[in-house]
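Close look at the chain arrangement
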Amino acid sequence: MGHDLQFIARQFRTRGEPVEIAPVPVGHINDTYVVTTWSPAAPGWGTPGTTPEGGGATRYILQRINQIVFTKPVAVMANVVRITEHIRAKLKTECPLFLRQLVVIAAKDGQAYYEDAAGNVWRMYNFIENALTYDSLQDAALAREAARMFGWFQKLLTDLPGPPLHETIRGFHDTPARFVRFQEVFQADAVNRAKTAQAEIDFVFENAALCHVLSDLVARGEIPVRIAHNDAKINNVMFDTSTCAGVCVIDLDTVMPGLAAYDFGDLVRTATCPAAEDERDLSKVAVDITLFDALAQGFVAETGPFLTPAERQHLVFGGQLITFEQMIRFLTDYLAGDVYYKVHRAGHNLDRTRTQMKLVQSILEQEEQMNRLVERALGPEGPGS
Ligand code: ADP
Ligand code: GN1
Ligand code: MG
């Protein structure tokens, strides 16, 4: 459906009026646009001895929150405001990254979002300039930096004051429930696709025991629930265009109670394999141990000091679990007829399912070595020792 993007962009407190709006074709969930505004110079600008603001272009990110996925967008925005304000309050203004963190741009009525006449909920952020995201990586330094950023993000949120964040998607990483849902969708086979995914369906049933491991540890109180990003995939962190240093963690919709292992797991899933998430040539899909080593070092550099022994021991398992869960989610969506993830070609969710399956196999094969690398990164008494 077409949206009057100019009108929507004008509902926010931007500097100047929107002059250009372009879609960002990244991300599986929200609709994302770059809005460029233009503001004229204030009267008197340029007069020696005066300080009125000059004019110029400013960029923003405008997003329509996917309300099929996020049924409570107002709760999402309440979380996002708390998270962004807390992070900025913790970073000292002199910290070079202070000005490069997400800020929610208020709507003209002062709310953190704008609801249009059709009930769509829109939000606006500052555009993080001179930074970029990657959909996959080949470079160990970037893998280390990505993991350091998500670890840093978890660390910054360990002391978020106030009540628990809203659970924006119920049971988001409840892998056993994901498996139950998969079985229902598979039994219904509403679009008659099960016959085209037999090997993948078999793999899910054969490995179903993986689903319960972390939830059982949580239920027994052996692994703590903390605030996690819960969608720590590689294109949800921005890097400086010139220095390649991490700048900012984005896509905060699922930041809520979760496990450290979920975020490390999503990094393993997306930042240790140089191939794309939807690569069709499966010979390219495997965990690259050099990328993994860098990733482990980056993550524990920030989180090592606060992770419990049980959390440390389950980081690699987090990679297995989150990749397996992602396989189940893509396969479920394929069998349901592509109702959740944006797809761009026939069989897209099945292609994604296959890469995840190949990655699970690759992690299972290299598990011992990966665990050794995490232990080495932690050192006998933690990172840096
Ligand atoms: P989705 O939930 O659909 O993945 P994201 O919030 O991750 O949406 O945004 C999609 C993409 O848009 C990101 O991967 C990133 O490339 C770009 N992006 C998002 N927010 C910003 C921002 N504040 N500044 C610059 N680019 C951004
Ligand atoms: C979605 O929004 P995006 O593209 O960063 C999804 C994640 C999946 C990921 C798979 C809210 O992430 O959970 O892991 O796709 N987000 C939601 O690439 O479902
Ligand atoms: Mg994203």
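Being a predicted model, the structure only gives us computed values, none of them experimental.

Here we look at the coordination of the magnesium ion (ligand 3)
With distances of 2.2 Å, the protein atoms coordinating the magnesium ion (ligand 3) are N236 (OD1) and D251 (OD). Here N236 is found in the loop between strand 8 (226-228) and strand 9 (237-240), whereas its partner D251 is found in the loop between strand 10 (246-249) and strand 11 (256-258), with 15 residues between them in sequence.

Focus: the site of ligand 2
Surrounding ligand 2, one finds 19 residues, the nearest of these being K233, E277, Q326, R329 and Y340. Taking R269, its side chain carries an N or O atom lying 3.5 Å from an oxygen atom of ligand 2. Relative to its unbound accessible area of 440 Å², ligand 2 is 98% covered by the protein chains. Per-element accounting of the shell around ligand 2 gives the leading share, three residues, to helix 10 (residues 315-336). Split by residue class, the shell around ligand 2 holds eight nonpolar, five polar and six charged. Counting contributing residues, the shell around ligand 2 receives three or more from each of domain 1 (5-129) and domain 2 (140-381).

Overview of the site of ligand 1
Within the structure, ligand 1 sits among 19 residues, and N30, Q63, I128, T133 and N235 are positioned closest to it. A distance of 2.9 Å separates an oxygen atom of ligand 1 from a polar backbone atom of N235. Side-chain polar atom of D251 to an oxygen atom of ligand 1: 2.9 Å apart, as the coordinates give it. The residue makeup of the shell around ligand 1, split by class, is nine nonpolar, nine polar and one charged. For the shell around ligand 1, the two domains that each supply at least three residues are domain 1 (5-129) and domain 2 (140-381).

A word on the domain arrangement of the protein
You can read the domains of the protein as domain 1 (5-129) and domain 2 (140-381). The C-alpha-based centres of domain 1 and domain 2 are spaced at 29 Å. A buried area of about 2,700 Å², summed over both sides, lies between domain 1 and domain 2, and 62% of it is on carbon and sulfur atoms. Considering only the surface of domain 1 that becomes buried against domain 2, H28, R82 and I83 emerge as the three largest contributors, covering 25% of it.

Describing the pairing of strand 9
Of the two faces of strand 9, the one lined by V237 and F239 and the one lined by M238 and D240 are each fully buried. With two bridges joining them, strand 7 (residues 131-132) and strand 9 adopt antiparallel strand pairing. Residue pairing across strands places L132 opposite F239, the latter belonging to strand 9. In the sheet, strand 9 pairs with strand 10 via three bridges, with the strands oriented antiparallel. Paired with M238 across the two strands is C248, which belongs to strand 10.

Quick look at the sheet that holds strand 7
Taken together, three strands build an open sheet; the order of strands is 7-9-10 and the sheet is antiparallel. With one partner strand each, in any of the chains shown, strand 7 and strand 10 form the two edges of the open sheet. The strands that helix 3 (residues 140-156) touches are strand 9 and strand 10; relative to strand 10, the one it contacts most, it runs at about 45°.

Describing the pattern of salt bridges
Evaluation of the coordinates by the stated rule reveals 20 salt bridges. When the shortest N-O distance is used, the salt bridge between K90 and D159 registers 2.9 Å. Remark: D159 occurs in the loop between helix 3 and helix 4 (175-188) and K90 occurs in helix 2 (residues 73-90); sequence separation between them is 69 residues. Measuring nitrogen to oxygen at the nearest pair gives 3.0 Å for the salt bridge that ties R220 to E222.

Let's talk about the packing of helix 5 (residues 198-206) against helix 11 (residues 348-378)
Direction vectors running N to C along helix 5 and helix 11 enclose 45°, while the axes themselves pass 11 Å from each other. Judged on the interaxial angle alone, helix 11 and helix 5 are oblique. Once helix 5 is placed against helix 11, the crossing between them reads as left-handed. Counting all contacts with helix 5, which are made through A199, E200 and F203, the residues of helix 11 involved are L350, T353, R354, M357, V360 and Q361. Residue composition of the contact of helix 5 with helix 11, by class: five nonpolar, two polar and two charged.

What counts, and where the lines are drawn
Residues numbered from 1 in each chain as written. Chains lettered and ligands numbered in written order. Predicted model: local features only at pLDDT ≥ 70, side-chain atom pairs only at ≥ 80, totals over all residues. Heavy atoms only, no water. Donors = N, O, S within 2.8 Å, 3.2 Å for Na, K, Ca; no water. Helix = DSSP H or I, 4+ residues; strand = E, 2+ residues; numbered from the N terminus. Near = heavy atom within 4 Å. Polar contact = N/O pair within 3.5 Å; in protein donor to acceptor, adjacent residues only side chain to side chain. Areas by Shrake-Rupley, 256 points an atom, 1.4 Å probe, with all protein chains shown as cover. Nonpolar A, V, L, I, M, F, W, Y, C, P; charged D, E, K, R; others polar. Domains from an automatic or database assignment. Buried area = accessible area lost by both parts, 1.4 Å probe. Buried < 20%, exposed > 50% of the residue type's maximum accessible area, 1.4 Å probe, protein only. Pairing = 2+ DSSP bridges. Contact = heavy atoms within 4.5 Å. Axes fitted to C-alpha atoms, helices over the stretch in contact; angles between N-to-C directions. Salt bridge = Lys/Arg side-chain N within 4 Å of Asp/Glu carboxyl O. Parallel < 35°, antiparallel > 145°, perpendicular 65-115°, else oblique. Left-handed = near helix turned anticlockwise from the far one by under 90°.

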